[in-house]
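Take a look at the letters that make up each chain.
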Amino acid sequence: MFKIFRYFKESKAAVLAVVLLLILQAYCDLSLPSYTSDIVDIGIGQNGIENGVPEKMREETLESICLFAEEEEESLIRESYDLNEEGEYELIATEPERIDDLEDVMGIPMVMVYMLENGDSEKKAMIASGMLTKEQLLAMKEQILEESGEELSDMIVDQMAIMFVKSEYEAMGVDIDSIQTRYLFVTGGKMLLMTILMMAAAISTGFLAARVSAGIGMRLRDRVFKKVVSFSNAEMDKFSTASLITRSTNDIQQVQMVSVMLLRMVCYAPILGIGGIIKVVHTKTGMGWIIVVAVGVILVLVGTLVKIAMPKFQKMQILVDKMNLVSREILTGVPVIRAFSREKYEEERFDKANRNLMKTQLFTNRVMTFMMPVMMLIMNAVTVMIVWFGAKGIDMGNLQVGDMMAFITYTMQIVGSFLMLTMVSVMLPRAGVAADRIEEVLHTEPTIVDKEHVQDEKIEGKGVVAFENVNFRYPGAEENALENISFVAKPGQTTAIIGSTGCGKSTLLHLIPRFYDVTEGRITIDGIDIRDISQKKLHSMLGFVPQKGVLFSGTIASNIKFAGEDKVSDDAMKEAAVIAQATEFIEEKEETYDSPIAQGGTNVSGGQKQRLSIARAIAGRPKVFLFDDSFSALDYKTDVVLRKALNEKIADATILIVAQRISTILHADQIIVLDEGKIVGIGKHEELLANCAAYQEIARSQLSEEELKGGMA
């Protein structure tokens, strides 16, 4: 699963930008509850008065406050205020640290003044008359504080100080409503600015995350494609085409989709969660234990569900492979299925694969669906707990309504961040499995690779192909498919390979372009072992025509010029079409060589497909032609004319033909007869009819008595 994070290395700058934007977004998101709390507590509850330090006050008020302050405290208060022209004391020390100090110093004295003004008139008169000394006043303060005990908490002191400031402002004729309105507008403006910044950061994050994930998908598809193209037949057999298609599409799509979520949610969740915890600590509500309990329950829940679901996610990808395999087989084999009336059977086979996949998906979806109601239950339970214990704190005077609201919001953000991680955890296991499957392809080394030092420059370009005591065994097989194969195919000659079905004819031909490598012995071209030649150079010397004609979507011209526009001219293309006997049906088409070819060549017949495949091989002007039973779909007349044209136009090339029909190879310069992977005869047609029992058996099944007698005569 952690492999997914490695894919971000190639987009470090964009990922860093995303993280910075997420920090900005989280900062704005976490600031909003504080502003909401301030609007409720300060803007509404305190009429916009932010703290218990009056910005200005009457001279007699200052003197009353100083009566209950220690000498150092009185000195700090008097230094912080200056008498203005109107005879009022105005605050001149506006630094935040100084304000905090003044709030601590002036709180109790203002409470004392407020309590005396609204309480004992006798004590108030004694203080006003100056009958009490400084020491007596301070002793009175201590006595009142002791009598109040725990009831006079810091929160109550702050609130009483605010009430004192408000009453002072009213006594001075200050418009309290304007203070409140100004505070609400300023705080609301800050909230609006934070919201705009948060929105801009979220949009930018989404844009960058989409680009990064799209880039990851593009690069993975490119790497997988290049790796698959480098695979030999052995690796293709190991993975299967259906599985490679799934890994190149569905698996990469899973990784790409999760990459967006990793950047937008998984990265954002811890930033928001940690920030929320820091904010909660600063609220000093004493309810942090609620968050600890909630987070612990969530972690246990997520861990349990992921552990249950992970094996099923691994199984799901295998079932998707199976589903694709069955679908591909059925869709490509529809004509055969209909011909044998096997629709019902194939429907049942598809239904079985479909239901197996559905059952696994239902299990994982049910497990993960169970998580959401539980998470909502946890969040609602946390809210109830906060309200319950918060209400007690408010009742005791230790907590304000706005602080409780902020605490609820921060708690929901913290729990919500874990909820985000939980939602992504539904997809992470499957994406982790998909990443493992992609990595399996990328880390599979092809068994057939070029040597570090190749001998391309030593190739003379003649095209002499020689098999020297070649043995070949398929990967995982116990017995050799080919054994002790030795022969030489020379330029200007046609070497034919014939034998019963499954004797190794196509396998032998596939060893020359290195679709597989020999197990023992060696194959040489112009005396150089083909393993010492680069694959690019080797393939440039070969013209391969497979048993089943393969065409690509495009045009007739693009298929014949498949070796490359720079290598095949229009004249060479047309000449190749003439030799391959393809001009007849090409020129009948309205667009001739520009006529479209559907995917897989489904809009041309089997014979036309084979002729275009042959034309494609001829157009590249190779030194060696490999025809793997490439004339089987041609009628006898076209077969004869085509082989005659080949002998005339490419007489200097080495030609190897795998054939089932003796009529195709009657005039070959050399016929190799295979039987169970071994050569049982080499020679011309007449020689083999005379002394090769295996060839005679094949001949009797295909030729008339007159043809047999003519060949033996």
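Per chain, residues are indexed from 1 in the order of the written sequence. Local features in this predicted model are restricted to residues of pLDDT 70 or higher, and side-chain atom pairs are both shown and tallied only at a pLDDT of 80 or more, whereas totals for entire chains, interfaces and linings draw on every residue. The side-chain values count all of the structure's non-hydrogen atoms but skip hydrogen atoms and water molecules.

1. Remarks on the sheet that holds strand S1 (residues 56-58)
Think of a sheet as strands paired side by side through backbone hydrogen bonds, with each pair either parallel or antiparallel. What counts here: Whether two strands pair depends on DSSP finding at least two bridges between them. Helix and strand assignments follow DSSP, with helices taken as H or I runs no shorter than four residues and strands as E runs no shorter than two, numbered in order from the N terminus. Between the N-to-C directions of two axes lies an angle of 0 to 180 degrees, each axis being a line fitted to C-alpha atoms and, for a helix, fitted only over the stretch in contact. For this analysis, residues touch if any pair of their heavy atoms sits within 4.5 Å.
Across the sheet, three strands lie side by side as S1-S3-S2; this open sheet has antiparallel pairing. Each edge of the open sheet carries a strand with a single partner, namely S1 and strand S2 (81-83). For this sheet the average axis-to-axis angle between neighbouring strands, irrespective of direction, equals 30°. Relative to strand S3 (residues 88-91), S1 runs antiparallel, the two sharing three bridges. Counted as the bridge partner of Lys 56 is Glu 90 from S3. Contacts from helix H3 (residues 59-67) reach S1 and S3 within the one sheet, and its direction differs from that of S1 by about 90°.

2. Here we look at the layout of surface pockets
Note the following rule: In the cavity and pocket records, a cavity denotes points on a 1 Å grid over the protein atoms alone where a 1.4 Å probe fits but cannot get out, a pocket denotes an open set with protein on both sides within 12 Å along at least 5 of 7 lines, and lining residues are residues with an atom within 4 Å of a point. Grid points are joined across faces, edges and corners, and a volume is the space filled by probe spheres set on the points. Polar here means any residue other than Ala, Val, Leu, Ile, Met, Phe, Trp, Tyr, Cys and Pro, which are nonpolar, and Asp, Glu, Lys and Arg, which are charged; Gly is therefore polar.
Here the largest pocket defines a volume of roughly 2600 Å³. Phe 515, Phe 544, Pro 546, Val 550 and Phe 552 are the residues nearest the centre of the largest pocket, which is lined by 49 residues in total. Those elements giving two or more residues to the lining of the largest pocket turn out to be helix H9 (176-230), helix H10 (233-239), helix H11 (241-266), helix H13 (288-332), helix H18 (535-540), strand S9 (542-545) and helix H22 (606-619). For the lining of the largest pocket, the leading source of residues is H9, giving six residues. Partitioned by chemical class, the residues of the lining of the largest pocket number 22 nonpolar, 18 polar and nine charged.

3. A word on unusual backbone geometry
Which entries qualify depends on this criterion: A simple rule labels every residue: compare its accessible area, found with a 1.4 Å probe on the protein chains alone, to the largest value its type can have, and call it buried under 20%, exposed over 50%, or partly exposed in between.
In this structure, Asn 484 takes a positive phi of about 55° despite not being glycine. By the element assignment, Asn 484 lies in strand S5 (residues 482-489). Of note, Arg 514 is a non-glycine position whose phi angle comes to about 65°, a positive value. Relative accessible area serves as the criterion here: at 5%, Arg 514 is assigned to the buried category.

4. Some details on empty space enclosed by the protein
Left-over empty space is what a probe sized like a water molecule reveals as it rolls over the atoms. Summed over all chains, the structure comprises one cavity of 30 Å³ or more. Estimated volume of the largest cavity: approximately 40 Å³. Tyr 7, Glu 10, Ile 216, Arg 219, Leu 220 and Arg 223 together form the lining of the largest cavity.

5. Quick notes on the environment of Leu 612
Tracing the backbone through its elements, the reader meets Leu 612 in helix H22. Residue class for Leu 612 comes out buried when judged on its relative accessible area of 1%. When sequence neighbours within four positions are dropped, the list of residues in contact with Leu 612 reads Leu 551, Ile 556, Ile 560, Ala 582, Phe 585, Ile 586 and Ile 597.

6. Structural notes on the packing of aromatic side chains
Aromatic ring pairs are described here by two measures, namely the spacing of the ring centres and the angle between the planes. The condition is simple: The rule is short: rings of Phe, Tyr and Trp, with Trp giving its six-membered ring, pair when the centres are within 6.5 Å, and they are stacked under 30 degrees, edge-to-face over 60, tilted in between. Put simply, a charge is over a ring when the Lys NZ or the Arg CZ is close to the ring centre, within 6 Å, and near the line of the ring normal, within 35 degrees.
The tally for this structure, following the rule as stated, stands at seven aromatic pairs. Geometrically, the ring pair formed by Phe 472 and Tyr 516 is tilted, given 5.4 Å between the ring centres and 50° between the ring planes. Pair noted here: Phe 472 is in strand S4 (residues 465-472) and Tyr 516 is in the loop between helix H17 (505-511) and strand S7 (520-525), with a separation of 44 residues, a long-range link. The same class applies to Phe 472 and to Tyr 516, which are both buried. A ring pair is formed by Phe 552 and Phe 562, whose centres lie 4.6 Å apart and whose planes are at 0°; its orientation type is stacked. Placement of the pair is Phe 552 in the loop between S9 and strand S10 (554-555) and Phe 562 in the loop between helix H19 (556-560) and helix H20 (570-579), with a sequence separation of 10 residues. A relative accessible area of 38% places Phe 552 in the partly exposed class. Taking NZ or CZ as reference, Arg 616 lies 5.8 Å from the ring centre of Phe 562, over its face.

7. A closer look at the side chain of Asn 47
Relative to the assigned elements, Asn 47 resides in the loop between helix H2 (12-45) and S1. By relative accessible area, Asn 47 is classed as buried at 14%. Not counting the four nearest positions on each side in its chain, Asn 47 is found in contact with Ile 42, Lys 166, Ile 176, Ile 179 and Gln 180.

8. Some points on the sheet that holds strand S13 (residues 654-658)
Taken in spatial order, the six strands line up as S9-S12-S13-S6-S14-S15 in an open sheet, and their pairing is mixed. Two strands lie at the open edges of the sheet, namely S9 and strand S15 (678-683), each paired on one side alone. With strand direction ignored, the average angle separating the axes of adjacent strands in the sheet is 15°. Sheet topology note: the strand S14 (residues 670-675)/S15 ladder contains five bridges and is antiparallel. From the neighbouring strand, Ile 672 faces S15, where its bridge partner is Ile 682.

9. Brief notes about the pairing of S14
Judged by how many residues are buried, S14 sits mostly within the fold: five of six residues are covered. Of the strand pairs in this sheet, strand S6 (residues 494-499) and S14 are connected by five bridges, and their pairing is parallel. Following the sheet pairing, Thr 495 is matched in S14 by Gln 670. Remark: two residues form the turn of the hairpin made by S14 and S15, two consecutive strands paired antiparallel; Glu 676 in that turn has positive phi of roughly 55°.

10. As for the pattern of salt bridges
As a reminder, the rule being used: A carboxyl oxygen of Asp or Glu within 4 Å of a side-chain nitrogen of Lys or Arg is what we treat as a salt bridge.
The full count for this structure, using the stated rule, is 18 salt bridges. The partner of Arg 58 in a salt bridge is Glu 168, with the nearest N and O atoms 3.0 Å apart. One end of the pair, Arg 58, is in strand S1; the other, Glu 168, is in helix H8 (residues 154-171), with 110 residues separating them in the sequence. Residue classification places Arg 58 among the partly exposed residues on the basis of a relative accessible area of 28%. Looking at Glu 168, the relative accessible area reads 4%, which means it is buried. Between Arg 78 and Glu 74 there is a salt bridge; the shortest N-O distance is 3.1 Å. Here Arg 78 and its partner Glu 74 are both found in helix H4 (residues 71-80), four residues apart, which amounts to about one turn of the helix. Where salt bridges share partners, they join Glu 10, Arg 219 and Arg 223 into one cluster.

11. Considerations on the packing of H2 against H9
Condition: An angle counts as roughly parallel when it lies under 35 degrees, as roughly antiparallel when it exceeds 145, as roughly perpendicular when it falls between 65 and 115, and as oblique in every other case. Each crossing is labelled by how the near helix is turned from the far one, with a counterclockwise turn of less than a right angle marking it left-handed and a clockwise turn marking it right-handed.
Packing of H2 against H9 leaves a shortest axis separation of 8 Å and a crossing angle of 160°. The angle between H2 and H9 falls in the class roughly antiparallel. Judged by the sense of rotation from one axis to the other, the crossing of H2 with H9 is left-handed. Partitioned by chemical class, the residues of the contact of H2 with H9 number 25 nonpolar, nine polar and three charged.

12. Here's the deal with the nonpolar core
What counts, and what does not: Take the buried Ala, Val, Leu, Ile, Met, Phe, Trp, Tyr and Cys residues and link them wherever side-chain atoms come within 4.5 Å; each set so joined is a nonpolar core.
By size, the foremost hydrophobic cluster in this structure holds 62 residues, and its most contacted members are Leu 220, Val 255, Ile 386 and Ile 438. Secondary-structure elements contributing two or more residues to this core are H2, H9, H11, helix H12 (268-283), H13, helix H15 (343-395) and helix H16 (401-442). Ranked by the residues each element gives to this core, the list is headed by H16, at 18 residues. Not counting the four nearest positions on each side in its chain, Val 255 is found in contact with Tyr 7, Ile 216, Leu 220, Ala 431, Ala 434, Ala 435 and Ile 438.

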